[in-house]
Each structure stands twice: as C-alpha cells, then as structure tokens.
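Observations on the model geometry
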Amino acid sequence: MIYFQIAANGLVLGGLYACIAVGFSLVWGVLNVINILHGSFIVLGSYVAYFAYVHLGIHPFISIVIAGAVLYALGYVLQAGIINRVVMAPVLITLTLTFGLDLILNNAMLVAFTADYQAVNLAHPLGTFHVGPVYLPGDRVAAMVLALLLTVLLYRLLRDSRIGRAIIAVRMDREAAALMGVDVRRINAVTFAIGAFMAGAAGALLSIIFPISPLNGPLFLGKAFVVCVLGGLGSVPGAMLGGLVLGVIESFSSYWFGPERAVTLSFALLLLLLFVRPSGLLGRRGYE
Amino acid sequence: MKNWITLVVLAVLLAVLPFVSSNYVLRLATTVCMYAVMAQSWNFIGGLAGYPSFATAAFFGFGAYTSAILQNHGAPVMLAWGCAGLAAMAFAAFIGGAILHLRGHYFAIASLIVAEMLREIVNSMPDFTGGGKGLNLPILRISPTAEAQFFFYAMLGLAIVCTAVAIVVHHNKLGFGLRCIQQNEDASNILGVNAYAYKTAAFALSAVFVGVAGAIYASWVKYIEPPDVFDVLIAIKPMVMVLLGGLGTIFGPALGALILLAFEEVVWRNFLTIHAAALGFIIVLLVLFLPNGVASLWREWLARKEPAR
C-alpha cells in the first residue's frame, strides 16, 4: 500500500508545481518571452511571506495576497518599463534580457537576505491526518488545495473577465487584437504582472514547505520549464496536468531510484518529451 | 583578404606579449583568448544560424572532464586536449541530431538542459569522474612563468585557429547556408540547403574549440568540479560577448571578449559582492540600447560623418 502513499505525496507536490508553472506558462504563451526571472520571483514571494510571518505574525496562507500584490507591482513595472521595449525582438534578445534582470534581482536578494536558508516554523501546524492507509500532512495539503484554487481562479479570470479575454486575444493574434482596439502594450504588462502575481503566491505557499534562499531560484525555474513542456505552452489546464504528472513522477522515481536521481530523471524526461512531443501531453496549442 | 591580414597582425602583436608584460597581464590575456574562443564558437550556431544555443557550458565541461580523465589514465597533455575537442564535437553532433529540429525557445531550453544533465551524470559517477569532490589534474613540472607562457600560447593558438576557421566558414558555402537558415529556414530548405546537416555542422563546430578550451582550462587551473565547468554563466557569457562585439561578425566576438573581461576585472576588484548584478546590468543596458554591438557605434559614427564630406 506504499504506492498509495507515494502517489498522494506526488499529487500534493504536483499541485504546488502547477502553481509554480502556470504564471511562467502564461507569460511564455502570451508574450513569447521566457521569463528567467520567474524562479527569483517565487523566492521573493517566499521572503515576503517569511517576513510577514516573523515580524507581523501573518499566516503565510494570508500572505498570498500580500506577496502576490508586491510581485504584481514589480512585474508590471519591469514589463512596462523594460521588457516591453524589446518584446517583439528575437528569442535571443528577450531571453538574454530576462537573464540579466534575474542576475540583478537574485544578487540583490543575496545581499539583502544573505544566502542562509530561512524557514517558516508555524506556531500552530495543522498536524497530519490519514485517509485509509495514506497519511497526509495537513499544512501541505492545505497549501496544495490553495495552489490549485489559485490556478482555477486564473483560469476563470482568463475565460470570464474582460481583461482575460483581451489577454487571450493578444495571445491568438497580436496584430488583430490591436486592430480590435486592445491596448497590446498594457495587456503585455498586465499579463507579465499576473505571471509575477502567481509566482509570488506560489512562493508564499512554498514558504511553509521548502527552506527559503535565493539559491533556490534556478530550482523553481527548472520545475516551471519541465511542467510547461509537459503540459503544453500557455495553457492553464496543461500546466495543472503537467504539474501533477511531474509531482507523481518525481515521487515515484525518488522511491525507486533515490531522491538524488529524481532531478536527473525529470530532465531526461523533458529532453525525451521535447524530442517526441514538443507541443506537450495535451498535444494542442491551448486557448482558454 | 583583409580579415586574414588583421588576424596575422593581431596574432603577431599578441605573440610578443609574454616578453613585455607581467604574469598577471598574461593571465588576463589567457582568459581573453579563452573567452574569444567561446564567443567565436557560439557565433557559428548563434550568430550565423540564429539558434540561441545554451550548450556552450556542456561542451566546455565535457572537454574539461574528457581531458582530465584521459590524463589521469596516463595520456600526454596535448593528446588529451585533442581528444577532448574531438569528443566534444562527436557529442555535439549526437545531441544536435536530437535537439536541432526544435526552434526558438524550445531549442534554447533543450540546449540549456544538456549541461544540467551532464552535471548530474558527472555527480552520479564518483568512481569515474570524482563526483562532487571534483578531479585533480597532473601538475606540469616547470617554473610558474614558463607555465603562464605555456598556457597563454596554448589558448592564443586555439583562438587563432578558431578565428581562421571562422573566416573560412564566413566565406564558404556553409556560412552562406547558415545565414540563409537564419533568415528563413523553410525557404532555404526548399531552395536546396540541407538545413539539418548545416545546423548539425554548425553545432559541432561550436563544440570542438570549446571542448579544447575546456581541456586547456582544466590543465591550467589543475582542479575541476561540476559546478565550476558546467556553470550556466559559461553558456551566457559567450552570448553577451557576441552581442557586445556584434552578431555574426568575424572579429566581433574577440572584441566582445576583451570588453567583457576588462569589465569583469574592474568589477571583481572593486565590488566583489555585486559582481553578478553588475554583469546583469551590463546585459540589460546592452540589449536595450546596443543590440548590434559596440562596433555598430563606430559604423554609425562613420555613416554620420559621410554626408558632411
């Protein structure tokens, strides 16, 4: 029955992966920009939640809103002020630009917060409960539920709101959207800011699970890559599916081959997928 | 022809450097040559074919480890370096066959992951590669000055060969085909350019000299470990250098290497804790304001001067 436990652990992890990746996927799909900053955004969100908890006693689950808002503002400024200038340039240019920005942000965090690992130790943890033979840590499950909830909210936002429809329109055809009266530059900035919001929210959720350090940025970025390619580009359901699949795969591969092989395996899987199905598991370009 | 003369003049000027400068300057010059090799190599795939390759770090580390392992099994230095280059080239041809059908972002990610995979593989085979503990290399039993000169001439020779190959490629069918691929791959395929073969050739070319550079670097620093030789910055710096010097040009990469190293040296000396941010800052400024490289300033200045005459 150990397999039920491993699958459950994988799903809990996978829900968080989905939340990590969905903002990254949105920015990639709509702006055609690979946002190397995403990993550092998540770490920054974790720090916001950490300081809010340590100094103000605000529970990280409530800090989702604070971390999200801080990152939304940062993302909006970065996109409107800097990235919009070259958003139509070739891949090399946008990729190099976000890499440069990431070097700055990550270095700033290293100087401000040091590389020491911080952790949020909750005063009132939810404890563990069990369903049949499967033991579940309460806080992690709550974080995963919130992560999936946020992902669903983003999906509804894209489907039902005016701004969401405008984002999808820009994604489908930039020129046509501009001709229909969509302010493409503003939509670019809002999309990037929403991506940053999701990163900040994911960071706040992760703060109760993973140690917090600027050094973790590339790790989260790697997860976002893998989930994105697994699920297909720019699609919210794809990111959700990709996240859950990656979580389960990592969980089982650490059980079978040892945790140190899990990263290698997920990268090997990614290379294989890029080789056979670059459009992702769902196999179509996702328009919400 | 002009390019060949420039190359010969530069080579002669640099060859006398050891007789007129200190070991410190020589060390910097060796690094410039190494950077120039990396930038020039990346230019084959990134500048000519327009494929944003992040695989430079993979080739560098592959060459460094190949040479280190061969030398620890008793191979002579030069032979190990040569084998490292050939091994990196074969590896690139193999990997290129798998990932070169991807384009744009997908290719960028796939090439980025190659180095991560190699790093993990090296880490997971401690008996063969030393794992996370790294590998020591045999020490050359010569004086420090002689050693500095030896490695300087090795890197300089490599940079000259690499630039010579670049000049040949820029003017032959391969270079022409790669530029066609950069402009429109589908069209060039229809017009009879075997895009797949050309891209693979460019990818292999972008690996061979980097592999040798990695091997020389390993012998030079005498100790390698995975985070050092598979560092993602090794993949990023060549792009920055080529962007600095000018995309798809012959001497642009070398110029970019010189500028980047000078900048790095100033930052490392004065602001150690923020050196990454400083590099990031220069990247952002470069991309926003000088996407055609420093050399474009010169050309613009010439163009502005022209009508006045």
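Rules used throughout
Residues numbered from 1 in each chain as written. Chains lettered and ligands numbered in written order. Predicted model: local features only at pLDDT ≥ 70, side-chain atom pairs only at ≥ 80, totals over all residues. Heavy atoms only, no water. Helix = DSSP H or I, 4+ residues; strand = E, 2+ residues; numbered from the N terminus. Rg over C-alpha atoms; globule rule 2.2 N^0.38 Å. Buried < 20%, exposed > 50% of the residue type's maximum accessible area, 1.4 Å probe, protein only. Contact = heavy atoms within 4.5 Å. Areas by Shrake-Rupley, 256 points an atom, 1.4 Å probe, with all protein chains shown as cover. Phe/Tyr/Trp six-rings, centres within 6.5 Å; stacked < 30°, edge-to-face > 60°. Core = buried A, V, L, I, M, F, W, Y, C linked by side-chain atoms within 4.5 Å. Salt bridge = Lys/Arg side-chain N within 4 Å of Asp/Glu carboxyl O. Polar contact = N/O pair within 3.5 Å; in protein donor to acceptor, adjacent residues only side chain to side chain. Nonpolar A, V, L, I, M, F, W, Y, C, P; charged D, E, K, R; others polar.

This brings us to the overall build of chain B. Tallying secondary structure elements over chain B gives 16 helices and 2 strands in all. A compact globule built from 309 residues should have a C-alpha radius of gyration of about 19 Å, and chain B, at 19 Å, falls within 12% of that. Dimensions of chain B along its principal axes, counting C-alpha atoms only, are 60 × 45 × 40 Å. Here chain B holds 309 residues, and the buried ones make up 54% of them. Nonlocal contacts in chain B, meaning residues at least 24 apart in sequence, comprise 80% of its contacts between residues at least 6 apart. Carbon and sulfur atoms provide 69% of the accessible area of chain B, an area that totals close to 13,500 Å².

Moving on, we come to the packing of aromatic side chains. All names here are of chain B. If you walk through the whole model with that rule in mind, you get 24 aromatic pairs over all chains. With a centroid separation of 6.4 Å and an interplanar angle of 45 degrees, the aromatic rings of W81 and F151 are classed as tilted. Highlighted residues: W81 in helix α5 (residues 77–99) and F151 in helix α8 (residues 144–171), separated in sequence by 70 residues. Given a relative accessible area of 5%, W81 falls into the buried group. Accessibility expressed as a relative area gives 1% for F151, which makes it buried. Ring-pair connections join several aromatic residues into one group, and the members of that group are Y51, F59, F62, F91, F107 and F203.

Ranked by size, the top nonpolar core spans 194 residues in total, and within it F41 and L205 of chain A together with F60, F203, I224 and I283 of chain B carry the most contacts. Considering each element in turn, this core owes the most residues, 16 residues, to helix α11 (residues 195–221) of chain B. Apart from the residues lying within four places of it in its own chain, the contact partners of F203 of chain B are I45, S53, A55, F59, A92, I95, G96, I99, L100 and F107 of chain B. Counting residues in each nonpolar core, the second largest holds 7 residues, with V134, L136, M144 and L148 of chain A among its members.

Before going further, it helps to examine the pattern of salt bridges. Between side chains of opposite charge, pairing is possible as soon as their charged atoms come close. Residues and elements named next belong to chain A. Under the counting rule described, the total for this entry stands at 6 salt bridges over all chains. Two residues, E250 and K223, come together in a salt bridge whose shortest N-O distance is 2.7 Å. Taken as a pair, E250 in helix α10 (residues 236–257) and K223 in helix α9 (residues 217–231) lie far apart in primary sequence, 27 residues in all. Exposure remark for E250: the relative accessible area of 7% places this residue in the buried category.

Taken residue by residue, the interface counts 35 residues in chain A and 37 residues in chain B. For the pair chain A and chain B, the interface holds 0 salt bridges. Summed over the shared surface of chain A and chain B, the result is 3 residue pairs in polar contact (both at pLDDT 80 or more). Put simply, the parts of the chain that give the side of chain A that touches chain B at least two residues each are α4 (91–113), α9 and α11 (259–276) of chain A. Looking at which element gives the most residues to the side of chain A that touches chain B, the answer is α4 of chain A, with 14 residues. Residue composition of the side of chain A that touches chain B, by class: 26 nonpolar, 6 polar and 3 charged.

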